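Breakdown of the fold
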Amino acid sequence: MSVKVRFAPSPTGRLHVGNVRTALVNWLFAKGQGGAFVLRIDDTDLERSTKEFETGIETDLQWLGLTWDERYNQSQRFDRYEEAAARLKTAGRLYPCYETSDELDRRRKVQLSRGLPPIYDRAALELTDEDRAKLEAEGRRPHWRFKLEGRRVAWEDLARGHAEVDTASMSDPVLIREDGLFLYTLPSVVDDIDMKITHVIRGEDHVTNTGAQIEIFEALGADAPGFAHMPLLVGADGAALSKRLGSLSIADMRDQGYEPIAITSHLGRIGTSDPLEVADSVEALGQSFAFSKMGRSPARYDTADLDRLNAQSLHGIAYDDARARLVAMDCDLGEGFWDAVRPNLGKFADVKDYARLVNGPVTPVIADPAFAAAALEVLPAEIGADSWSAWTGAVKEATGAKGKALFMPLRQVVTGMEHGPDMAALLPLIDRDRIVRRLKGETA
Ligand code: GLU
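Residues numbered from 1 in each chain as written. Predicted model: local features only at pLDDT ≥ 70, side-chain atom pairs only at ≥ 80, totals over all residues. Heavy atoms only, no water.

1. Some words on the UniProt feature "short sequence motif: 'HIGH' region" (unreviewed entry) in the protein chain
In this numbering, the UniProt entry assigns the feature "short sequence motif: 'HIGH' region" (unreviewed entry) to residues 9–19. In this annotation, residues 9–19 is assigned 27% helix and 0% strand; the end-to-end C-alpha distance for the span is 8 Å. (UniProt positions renumbered as here; feature names shortened; annotations may be inferred. Helix = DSSP H or I, 4+ residues; strand = E, 2+ residues; numbered from the N terminus.)

2. Let's talk about the UniProt feature "binding site: ATP" (unreviewed entry) in the protein chain
When the UniProt feature table is mapped onto this chain numbering, "binding site: ATP" (unreviewed entry) sits at Lys243. Tracing the backbone shows Lys243 in the loop between β11 (233–235) and α8 (250–255). Given the relative accessible area of 79%, Lys243 is considered exposed. (Buried < 20%, exposed > 50% of the residue type's maximum accessible area, 1.4 Å probe, protein only.)

3. Some thoughts on the site of the ligand
What surrounds the ligand is the set Arg6, Ala8, Ser10, Asp42, Tyr184, Ser188, Arg202 and His206. Side-chain polar atom of Ser10 to a nitrogen atom of the ligand: 3.4 Å apart, as the coordinates give it. The separation between a nitrogen atom of the ligand and a polar side-chain atom of Asp42 is 2.7 Å. Expressed as a share of its isolated accessible area of 300 Å², the protein-covered part of the ligand is 77%. For the shell around the ligand, the per-class residue count stands at two nonpolar, three polar and three charged. (Near = heavy atom within 4 Å. Polar contact = N/O pair within 3.5 Å; in protein donor to acceptor, adjacent residues only side chain to side chain. Areas by Shrake-Rupley, 256 points an atom, 1.4 Å probe, with all protein chains shown as cover. Nonpolar A, V, L, I, M, F, W, Y, C, P; charged D, E, K, R; others polar.)

4. Re the nonpolar core
Grouped together as the largest cluster of nonpolar side chains are 46 residues, with contacts concentrated most on Val17, Phe291 and Tyr301. At nine residues, helix α1 (residues 17–31) tops the list of elements feeding residues into this core. With sequence-adjacent residues up to four places away left out, Tyr301 is seen in contact with Val17, Leu233, Val234, Gly235, Ala236, Leu241, Leu248, Met253, His266, Leu267, Ile270 and Leu306. In this structure, Tyr354, Leu357, Val362 and Val395 belong to the second largest nonpolar core, which totals 37 residues. (Core = buried A, V, L, I, M, F, W, Y, C linked by side-chain atoms within 4.5 Å. Contact = heavy atoms within 4.5 Å.)

5. Here we look at the side chain of His229
Within the fold, His229 resides in strand β10 (residues 226–230). Judged by relative accessible area, which is 0%, His229 ranks as buried. Polar side-chain contacts of His229 include one of 2.6 Å to the side chain of Asp157.

If you want it as structure tokens, here you go:
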């Protein structure tokens, strides 16, 4: 059986790390096995969905390297949902209800006060044709509920193992609102059948839905696909991330300078037994992905981990691959420069700070002018590959300083900073005149 999965975002906002993790795990699972990835835009809610968000979703997925093999909009498929609804009505599985939300609220309160579970009491099933005609004459429009069988629905979940939902403990779900809007539950099942989806992979907040949806698959005469429900993301503090997800949009992360491979490596590996290291490519990440590596506990999203992976991804970029980006930032100072600075990058844009060390202006930090003067005296006449060791050797001889007391003041005078790229690699990139001026205390 060839694997086919779908990512089904509603275009009502930008993608954030939570829904991108769902997209990614679908993609990794499918691509790791040579399967297909479907992008399905869940835009049945025409009021809340926008084309702008839809385009944003595509931009973000493409930027992350999560390409799709097929693409659909639910808003183009209403006729299929109508057909399915008609079939369920004929089978007596979809029934009209007329309660207002106030009435339902009141009933729930009564149930709760009696210690009963607040599930829909199916009063609408008792209505006669006459009752319905009367309600409609009053101007009421029906919403439609799916009649659950009220049984234990079980499946082998790829992420959770044996899973069960007792649909007797749930309200019959509303599939069609009174204004005719199809809620997500039915279209999703119809699409999964039509598109021959083999596995539905989503967050564990959908486990209860799955119980009802498996019943709908069966009521429509289809076999339910496989399911995987992933543990949700929590923050570094262990608290649920759901409230904070809005501030973790992929678009913002792109603006902040995160590399796509750092984001995908991070989101693809947190909560798994794989080491949190950056992958060579998102394809390689797919090769190593397996649900058996995913734990049952929530996946901890820690920005410090992402920062580390981001740095790691930059350190591994060869000059030829970095070049176009360096040129675009006006920072292409050659392979020697790139090799000198890449181990120090946290974000790619840090190259700008390091290019300044080479081309100025740098305001030197000089704690001991006599030391700087002595260092100037013995600065090699020509700056080349071995100059740093020759120079530090000479300064040591001249001043008696050694270790940190030798290296730190020289670094500070040449770069104005306490930390930075390896001085042996950096020094030969800087004009001798410029070094001289900095040793004299000038901004150069
Ligand atoms: N549009 C639904 C959501 O974003 C899709 C859920 C699913 O994958 O079935 O929650």
